[in-house]
Amino acid sequence: SVSVAGQAATKTFIAKYRPLADSLSAEYGIPAAVILAVAIVESGAGTSRNCRLLNNYFGIVGKNNLLKTKGIKSRYKQYPDATASFTDFCRLLSRKKYYARLKGNMNHTLWVDAISKSGYSEVPAVWKQRVNDTIRKHKLSATPKTNSP
């Protein structure tokens, strides 16, 4: 089970990135719950080495300049900031076969299933379970309260 500190870090992470996930959800038709939960699982709610060094919240592989700047070898992609990382994740999903079928569908279970089947993680069953547990535990699929009348 996650430590109390870990729980607090996750709550802070959700509060910080929920608006970004909501706006990307509106733009890409991907549930905000999925965007947030994958970021939490892949970045340890913003605490992982990849996240701290590369602004990489999703474990996306690609180019970085860590070897030049810090003498560290990494296969993960470097981003200027969190927004770039979150946006790239959505862009990546939007190029997948399942995207057209799921776009605009806010059933997070279908998305998590499709992402895990597409080879996103090296341990799809475990990954899928962790992402779904994160969504459930933090009630990420609850619709955010809007201020409309």
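A quick note: this is a predicted structure, and the numbers were derived from the prediction, not measured. By convention here, each chain's residues receive numbers from 1 onward along its written sequence. Only residues with pLDDT of 70 or above have their local features reported here, since the model is predicted, and side-chain atom pairs are shown and tallied only from 80 upward, although totals for entire chains, interfaces and linings are computed over all residues. Excluded from the side-chain calculations are hydrogens and water; all other atoms, namely the structure's heavy atoms, are used.

A. Focus on the packing of aromatic side chains. Pairing of aromatic rings covers Phe, Tyr and Trp, the last counted by its six-membered ring, and requires centre-to-centre distances within 6.5 Å; plane angles under 30 degrees mean stacked, over 60 mean edge-to-face, and any other angle means tilted. Applying the stated rule across the entire model yields 11 aromatic pairs. A centroid spacing of 6.3 Å and a plane angle of 90 degrees characterise the contact between Y98 and W111, whose relative ring orientation is edge-to-face. On the criterion of sequence distance, the pair formed by Y98 in the loop between α5 (82-94) and α6 (99-102) and W111 in helix α7 (residues 108-117) is long-range, its members being 13 residues apart. The residues Y98 and W111 share a single accessibility class, namely buried. Both rings, one in Y99 and one in W111, keep their centres 6.2 Å apart while their planes meet at 70 degrees; by these two values the pair is edge-to-face. Of the two residues, Y99 is situated in helix α6 and W111 in helix α7; the sequence distance between them amounts to 12 residues. Think of it in three bands: with a 1.4 Å probe and only protein chains considered, a residue is buried below 20% of the maximum accessible area for its type, exposed above 50%, and partly exposed in between. A relative accessible area of 10% means that Y99 is categorised as buried. Among the aromatic residues, those joined into a cluster by ring pairs are F13, Y17, Y57, F58, F86, F89, Y120 and W127. Starting at the N terminus, helices and strands are each numbered in turn, a helix being any DSSP run of H or I of at least four residues and a strand any DSSP run of E of at least two.

B. Main features of the state of the cysteines. In this description, a disulfide is simply a cysteine sulfur pair whose atoms lie within 2.5 Å. If you walk through the whole model with that rule in mind, you get 0 disulfides. Of all cysteine sulfurs in the structure, the one in C90 sits closest to C51, which takes part in no disulfide; the separation is 15 Å. C51 sits in the buried class, given a relative accessible area of 3%. Exposure remark for C90: the relative accessible area of 0% places this residue in the buried category.

C. Focus on the nonpolar core. Judged by nonpolar contacts, the single largest core of 41 residues is most densely connected at I30, I35, Y57, F58, F86 and F89. Among the elements of the structure, α1 (4-28), α2 (32-43), α5, α6, α7 and α8 (124-137) are those that each provide at least two residues to this core. Looking at this core, the element that brings in the most residues is α2, giving 10 residues. Any pair of residues with heavy atoms lying within 4.5 Å of one another is described as a contacting pair. Contact partners of I30, with chain neighbours within four places excluded, come to S25, I35, C90, L93, Y99, M106 and W111. In plain words, nonpolar cores are sets of buried Ala, Val, Leu, Ile, Met, Phe, Trp, Tyr and Cys residues tied together by side-chain atoms within 4.5 Å.

D. Structural view of unusual backbone geometry. A positive phi angle, close to 55 degrees, is found at A45, a residue other than glycine. Here A45 shows up in the loop between α2 and α3 (49-54). Overall, the relative accessible area of 9% leaves A45 in the buried class. A positive phi angle, close to 55 degrees, is found at N55, a residue other than glycine. Residue position: N55 is located in the loop between α3 and α4 (66-70). Looking at N55, the relative accessible area reads 23%, which means it is partly exposed.

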